[in-house]
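Report on the structure
The lines below spell out each chain.
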Amino acid sequence: MERYPKPVAVGRPADAYCAECDSPMTGDEAALNYKLTDRKTTHILCPACLGKKLELPPHTLQEMIILFRKQRCRMFSPWVEK
Ligand SMILES: [Zn+2]
C-alpha cells in the first residue's frame, strides 16, 4: 500500500488514526472525511486511503483542505497567511 509521505503537523500530536492503515493524521485531514463522506462517520481515513476510496490523488485532498481552511469552515483549523 502506498504510504502517505507527509508527516503529521510538526509539534502536534496526531488527532486521529486511519481506520484502515493506522497512519496518524491531523485534525484537518480527519475533518475532510466528514466533508467528503458522512458528517457522522466514525470510519476516519488518512488522505492516502480516503483518496483511494474516492479515486482522488492525495494532493487534491490537500488542496481541498486548504480551500476549506481559507473558506473558514469551522471543522478545519483557520488558514493563516504567511
Ligand atoms: Zn490510511
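Because the structure is a prediction, the values reported are computed rather than measured.

Thresholds, definitions, all that
- Residues numbered from 1 in each chain as written.
- Predicted model: local features only at pLDDT ≥ 70, side-chain atom pairs only at ≥ 80, totals over all residues.
- Core = buried A, V, L, I, M, F, W, Y, C linked by C-beta atoms within 7 Å.
- Buried ≥ 20, exposed ≤ 12 C-beta atoms within 10 Å, placed from the backbone.
- Helix = DSSP H or I, 4+ residues; strand = E, 2+ residues; numbered from the N terminus.
- Contact = placed C-beta atoms within 7 Å.
- Axes fitted to C-alpha atoms, helices over the stretch in contact; angles between N-to-C directions.
- Parallel < 35°, antiparallel > 145°, perpendicular 65-115°, else oblique.
- Nonpolar A, V, L, I, M, F, W, Y, C, P; charged D, E, K, R; others polar.

A look at the nonpolar core
Of all hydrophobic cores here, the largest spans 14 residues; its most connected members are Cys-18, Leu-32, Leu-45, Cys-46, Cys-49 and Leu-50. Listing elements by their share of this core, those giving two or more residues are helix 1 (27-36), helix 2 (47-54) and helix 3 (58-70). When sequence neighbours within four positions are dropped, the list of residues in contact with Leu-45 reads Cys-18, Ala-19, Glu-20, Asn-33, Leu-50 and Lys-53.

Here we look at the packing of helix 1 against helix 3
As a packed pair, helix 1 and helix 3 sit with axes 10 Å apart at the nearest point and diverge in direction by 90°. Judged on the interaxial angle alone, helix 3 and helix 1 are roughly perpendicular. Residues Asp-28, Glu-29, Leu-32 and Lys-35 of helix 1 touch helix 3, and the partners they reach there are Leu-61, Met-64, Ile-65, Phe-68 and Arg-69. Residues that form the contact of helix 1 with helix 3 fall into these classes: 5 nonpolar, no polar and 4 charged.

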